[in-house]
Amino acid sequence: MPDPAHATAGPAPGVDENLLEQLIAEAQTALPVDLPALADRCASALGMGAALVYLADLQQRILVPLDEALEALPVEGSSAGWAYRTVSPRVVDAADDLIVWMPLVDGAERLGVLGVRTASLDGQLMRRSRMLAHLFAMLLTSKRAYSDWLAARTRSAPMRLPAEMLRAFLPPRTIGSTRCVSTAVLEPAYDIAGDAFDHSVVKNLLHTMILDGMGHDLIAGLTTSVAMAAARNARRGGGDLADVVGSVDQALAQWLPDHFCTGVLCRLDAETGVLRWVNCGHPPPLLIRDERVLAGALDSPPQPPIGLAGPLAPEARRVHGTKLEPGDCVLLYTDGVVEARDADGAEFGLDRFTDFIIRSNAAGQRPAEVLRLLIHAVLEYQRNELRDDATILLFEWRPQHQ
């Protein structure tokens with residue numbers, strides 16, 4: 001692979017700033033389907049050749065081209081996939097020129113990759129490739145919120161109605177800052193119903209939540225959707241963790257009195273490392289420190305599920321707290337993860353689950369890549385036919401990165 005630091009085959013051509021300004025202005029109103037052609041024109045204005053835009057599919061197995069005439073690329077086993085997995089540029093020889101693969105990242109979320117062809121490469125052209133990737137990551141993020149075409153391009157199978165409804169409520173897979181990152185995955189991608197996750201940043205506070213609704217139908221999805229909406233409403237109104245849990249309890253008891261869900265809601269202060277959480281009838285969160293699980297560190301006395309009405313409703317939710325150490329990871333999951341069974345009926349199990357996380361972290365994998373690999377391992381263990389929704393959320397506190 002050519003080394004970009006030493007690929008100095010002459011200075012990069014000058015930039016037509018007027019044309020570049022025109023293209024950036026045009027990008028604001030461009031339709032998503034026009035982005036491949038726009039990427040080509042922007043690359044040309046920056047003195048490079050053709051540009052290729054790929055998005056990761058819903059299960060992060062393939063990279064799907066926005067240009068419908070091109071073939072998809074595998075995330076595993078391709079140079080483009082390497083750039084996506086590692087969030088690092090990759091330069092490869094391609095016949096008479098080079099291709100620079102740049103990750104497309106919005107904040108902490110991996111979207112896909114941008115490939116730029118160029119006859120030669122130096123530091124200036126690498127910077128321009130990176131700038132183009134930043135621009136198109138922002139464009140894709142802004143346009144995917146309203147584009148059914150972009151959503152359809154990242155799907156490889158029909159989606160059932162409960163999954164369609166629930167996915168409309170889900171946040172990006174990965175969010176965060178230099179101090180903390182939260183990332184999540186859930187399967188079956190096209191047939192989820194009762195599981196959900198949520199995470200949000202409020203100033204220096206990271207809010208996370210995982211939910212497991214009763215049943216596996218449209219009502220189960222509606223239950224967790226109402227729970228997410230109630231939690232966001234309370235957060236945006238300035239409520240603390242107790243207020244958030246109380247709002248979810250009240251919303252479900254009022255609007256769906258015969259339905260409930262289990263869940264864990266957390267709040268991490270990214271400045272101090274203070275973690276507070278409420279566990280409502282759910283498997284306890286796991287604390288991973290120094291490549292081992294601290295058994296029972298985040299256990300708490302049992303509390304009823306969320307949304308119970310009448311005499312079953314809890315008088316008050318108990319909020320628990322602890323102080324994290326730099327580098328700590330907290331793992332939330334639904335029971336569909338550990339209860340996945342192989343052909344002989346053996347469960348995937350909690351030990352196998354946590355060992356996978358620890359080994360991947362120790363190998364230097366980023367949190368989003370750890371969960372991508374883990375959820376695929378869970379699927380393969382059960383021959384890609386999960387009997388229950390499986391959702392995993394992982395957040396880590398790394399204040400030394402500030």
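Residues numbered from 1 in each chain as written. Predicted model: local features only at pLDDT ≥ 70, side-chain atom pairs only at ≥ 80, totals over all residues. Heavy atoms only, no water.

Draft legend 1. Local environment of the sheet that holds strand 1 (residues 51-56). Strand order in the open sheet made by the 6 strands is 3-2-1-6-5-4, with antiparallel pairing throughout. Edge positions in the open sheet fall to strand 3 (73-74) and strand 4 (90-94), since each of these has one partner strand only. Relative to strand 5 (residues 97-106), strand 4 runs antiparallel, the two sharing 5 bridges. Paired with aspartate 93 across the strands is leucine 98, a residue of strand 5. Along the sheet, helix 4 (residues 123-144) contacts strand 1, strand 4, strand 5 and strand 6 (109-118); its crossing angle with strand 5, the most-contacted strand, is approximately 40 degrees. (Pairing = 2+ DSSP bridges. Helix = DSSP H or I, 4+ residues; strand = E, 2+ residues; numbered from the N terminus. Contact = heavy atoms within 4.5 Å. Axes fitted to C-alpha atoms, helices over the stretch in contact; angles between N-to-C directions.)

Draft legend 2. Region of interest: the packing of aromatic side chains. With the rule as written, the count across this model stands at 3 aromatic pairs. Seen from their ring centres, phenylalanine 348 and tyrosine 381 are 5.2 Å apart, and the 85 degrees between their planes marks the pair as edge-to-face. With phenylalanine 348 in the loop between helix 9 (335-338) and helix 10 (350-362) and tyrosine 381 in helix 11 (residues 367-381), this residue pair connects regions lying 33 residues apart in the sequence. On the basis of relative accessible area, phenylalanine 348 is assigned to the buried category, the value being 4%. Overall, the relative accessible area of 14% leaves tyrosine 381 in the buried class. A cation over an aromatic ring shows up here: arginine 90 above the ring of tryptophan 82, its NZ or CZ 4.6 Å from the ring centre. If you follow arginine 352 out to its NZ or CZ, it ends over the ring of phenylalanine 348, 5.5 Å from the centre. (Phe/Tyr/Trp six-rings, centres within 6.5 Å; stacked < 30°, edge-to-face > 60°. Buried < 20%, exposed > 50% of the residue type's maximum accessible area, 1.4 Å probe, protein only. Lys NZ or Arg CZ within 6 Å of the ring centre and 35° of its normal.)

Draft legend 3. Quick peek at the pattern of salt bridges. This structure, assessed with the given rule, holds 17 salt bridges. Note that arginine 235 and aspartate 198 form a salt bridge whose closest N and O atoms lie 3.1 Å from each other. With arginine 235 in helix 7 (residues 218-236) and aspartate 198 in strand 9 (residues 195-202), the pair connects residues that are 37 residues apart, well separated along the chain. Here arginine 235 and aspartate 198 have matching classes, each one buried. The partner of glutamate 325 in a salt bridge is arginine 289, with the nearest N and O atoms 3.6 Å apart. In this pair, glutamate 325 sits in the loop between strand 15 (320-323) and strand 16 (329-333) while arginine 289 sits in strand 13 (residues 286-289), placing the two residues 36 residues apart along the sequence. Since its relative accessible area comes to 16%, arginine 289 is described here as buried. Among the ionic contacts, a cluster of salt bridges with common partners joins Glu76, Arg110, Glu369 and Arg372. (Salt bridge = Lys/Arg side-chain N within 4 Å of Asp/Glu carboxyl O.)

Draft legend 4. Expanded view of the packing of helix 1 (residues 17-27) against helix 2 (residues 35-45). Remark: helix 1 packs on helix 2, axes separated minimally by 9 Å, with the N-to-C direction vectors making an angle of 160 degrees. Relative to helix 2, the element helix 1 is oriented roughly antiparallel. The chirality of how helix 1 crosses helix 2 is left-handed. Residues Leu19, Leu20, Gln22, Leu23, Glu26 and Ala27 of helix 1 form the contact with helix 2, whose participating residues are Leu38, Arg41, Cys42 and Ala45. (Parallel < 35°, antiparallel > 145°, perpendicular 65-115°, else oblique. Left-handed = near helix turned anticlockwise from the far one by under 90°.)

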